Protein chains: 2
Amino acid sequence: MKNYKLIVAYDGTRYLGWQKLGERGSAQYARTIQGKLEGILSRMTGEAIEIHGSGRTDAGVHALGQIASFKTGFETTPAEITAYLNRYLPEDIAVTAAEEASERFHARLNAKEKTYRYSINTSAVPDVFRHRYEYQLEAALDIEKMRAAAALLVGTHDFRPFCSSKRTKKSTVRTVYAVEITPEDKKIAVTFRGSGFLYNMVRILVGTLIEIGRGDRPPEDIPAIFEGRLPAGYTAPAKGLTLLEVVY
Amino acid sequence: MKNYKLIVAYDGTRYLGWQKLGERGSAQYARTIQGKLEGILSRMTGEAIEIHGSGRTDAGVHALGQIASFKTGFETTPAEITAYLNRYLPEDIAVTAAEEASERFHARLNAKEKTYRYSINTSAVPDVFRHRYEYQLEAALDIEKMRAAAALLVGTHDFRPFCSSKRTKKSTVRTVYAVEITPEDKKIAVTFRGSGFLYNMVRILVGTLIEIGRGDRPPEDIPAIFEGRLPAGYTAPAKGLTLLEVVY
């Protein structure tokens, strides 16, 4: 058995998300990124391949550098795997690199750091070539207030108030290393780098930062949200979110 | 009656092209850019608005700066027109500017110069975020040969051999001011600036340049094609083509 690591890029618009759903071979299964990859690799190898991603991405979320790993006894090479996948994948999913990994490498369990970017277009006019990848929100956002709030998010915190599945028994403590807010003309990119992110966490953080940027609430709400005294903001739409990079 | 000029951007993927088809209000009509715009403007003004574009773009072709003009007796302003259109247009069509034009302005008849860009991705790996806007063609293209051929296209010529409707009785003489070939990593942009372009002309020019870039035929075929001694190349796919700008 050899272990392979893939870098996968996808436009998530047409998909139900990374994680496979339904039975192998079902229509639902084929509408997930994981299902698409497993289907093609199983055909290539003649084995029922199981792929592990660095983590789930929701329906409609995109990736430039999702990482996946899988094991196979089939004799092949990284170049063959890349070529075979890209030949059979639709044009909105691509394998940008493949390599042999050490036997113990696991895309999810070994992930140390992830970077996500959330893109907002505050113009009244949608960008017709980018509208699938950004949240169209005609609004005047105060960048300095958003940056003040972002600074309060950095560090090791219990992010449970910023997570959609509040009843999980697993630890919801995560470390956010950096939140950068980069305006360019009418577009704003919010980049998050952290040890890991909970279910919907980036989208809820962005919704909260937008409420602060609009002046609907002050940056000082952030500590009150961590303390459970105030609710977090709304969940920003999936389409603005892209998983940029995973570090091991 | 006032005359208005619009700058229109669109992702042509879902459309049958610029030019309206079928009856006003039919499903076909609404699958054209012109039909979409006329429908919304007619609703806004209560008149049966007729829009003139600078020219047709084929099914699947995109635009960053298509120009359209229309007349109306309805009392309004360019800002209101832009806001109304962008409120009701789908996110893959946008009006990026509107202004009042002189009474005699006509988007097609007064067009003096157009610029088109054709985008090719020669990588083995599709760009998942740009695949709708570029021709995916894994090939080694010789840029210098393509540039040598491009230089032979510049000038005033009868471009009938590079046109799909060879039997037209109208003049097929056009002036191409510049053809620029700009490689960047594995992507190649071919930009055409000219007095006007015939039906499918840019796509056939690109197909011919690709055949030359692959080494399937020499740059010296260009004069032979103009003279009718050799056939032009194939028609490159619509999705790589974008109308960038129209000058009046």
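Because the structure is a prediction, the values reported are computed rather than measured.

Student: What am I meant to see in the interface of chain B and chain A here?
Tutor: Interfaces are often described in size by the accessible area the parts lose on coming together. The interface of chain B with chain A comprises 24 residues on the first partner and 24 residues on the second. For the pair chain B and chain A, the summed buried surface comes to about 1800 Å²; carbon and sulfur atoms form 65% of the total. Interface area lost by chain B to chain A is led by Glu91(B), Val128(B) and Phe129(B), which between them contribute 41%. The partner of Lys239(A) in a salt bridge is Glu91(B), with the nearest N and O atoms 2.7 Å apart. When contributions to the side of chain B that touches chain A are tallied by element, the ones reaching two or more residues are β1 (2-10), β3 (62-72) and β4 (93-101) of chain B. Per-element accounting of the side of chain B that touches chain A gives the leading share, 4 residues, to β4(B). For the side of chain B that touches chain A, the residue count by class is 13 nonpolar, 6 polar and 5 charged.

Student: How should I be thinking about the relation of the copies chain B and chain A in this particular structure?
Tutor: Turning one copy of the chain about an axis and sliding it along that axis gives the other copy, so a rotation and a shift relate them. Overlay of chain B on chain A (RMSD 0.0 Å): rotation 180°, translation along the axis 0.0 Å. These values place the two chain copies in the arrangement generated by a two-fold rotation axis. A share of 100% of the interface residues of chain B reappears at the interface of chain A, consistent with the copies meeting face to face through the same patch.

Student: What should I look at first to understand the pairing of strand β9 (residues 187-194) of chain B in this one?
Tutor: Two faces make up the sheet, and in a regular strand the side chains alternate between them. Residues and elements named next belong to chain B. Pairing geometry for strand β5 (residues 113-121) and β9, over 8 bridges, is antiparallel. Each residue of the ladder has a partner; that of lysine 114, found in β9, is glycine 194. Two elements, strand β8 (residues 173-184) and β9, share 8 bridges in a ladder whose sense is antiparallel. Its bridge partner being in β9, glutamate 180 is matched across the sheet by threonine 191. Remark: 2 residues form the turn of the hairpin made by β8 and β9, two consecutive strands paired antiparallel; aspartate 185 in that turn has positive phi of roughly 55°.

Student: Sorry if this is basic, but what is going on with the nonpolar core here?
Tutor: Nonpolar side chains in soluble globular proteins tend to be buried together. Within the largest apolar cluster, 67 residues are counted, with the highest numbers of intra-cluster contacts made by Leu6(B), Leu37(B), Leu85(B), Phe162(B), Val190(B) and Phe192(B). If we skip the residues at most four places from it in the chain, Leu6(B) touches Gln66(B), Ile67(B), Ala68(B), Phe70(B), Ile81(B), Leu85(B), Val95(B), Ala97(B) and Ala98(B). Counting residues in hydrophobic clusters, the runner-up holds 65 residues, among them Ile67(A), Ala68(A), Phe159(A) and Ile188(A).

Student: It is not clear to me how the confidence of the model for chain A should be interpreted in this structure. Could you clarify?
Tutor: Low pLDDT means the predicted atomic positions in that stretch should not be read closely. For chain A, the average pLDDT comes to 96, and 100% of its residues sit at 70 or higher. Reported for the predicted complex are a pTM of 0.91 and an ipTM of 0.87.

Student: Mind showing me how you'd approach unusual backbone geometry here?
Tutor: For residues that are not glycine, phi is negative in most cases, and the peptide bond is trans in most cases. The phi torsion at Asn200(A) lies on the positive side, around 65°, for a residue other than glycine. Looking at the secondary structure, you find Asn200(A) in the loop between β9 (187-194) and α4 (201-213). For Asn200(A), a relative accessible area of 13% corresponds to the buried category. In this model, Asp185(B) sits at a positive phi of 55°, which is unusual for a non-glycine residue.

Rules of the game
- Residues numbered from 1 in each chain as written.
- Chains lettered and ligands numbered in written order.
- Predicted model: local features only at pLDDT ≥ 70, side-chain atom pairs only at ≥ 80, totals over all residues.
- Heavy atoms only, no water.
- Contact = heavy atoms within 4.5 Å.
- Buried area = accessible area lost by both parts, 1.4 Å probe.
- Salt bridge = Lys/Arg side-chain N within 4 Å of Asp/Glu carboxyl O.
- Helix = DSSP H or I, 4+ residues; strand = E, 2+ residues; numbered from the N terminus.
- Nonpolar A, V, L, I, M, F, W, Y, C, P; charged D, E, K, R; others polar.
- Least-squares fit on C-alpha atoms with pLDDT ≥ 70 in both.
- Pairing = 2+ DSSP bridges.
- Core = buried A, V, L, I, M, F, W, Y, C linked by side-chain atoms within 4.5 Å.
- Buried < 20%, exposed > 50% of the residue type's maximum accessible area, 1.4 Å probe, protein only.
- pLDDT = per-residue confidence, 0-100.

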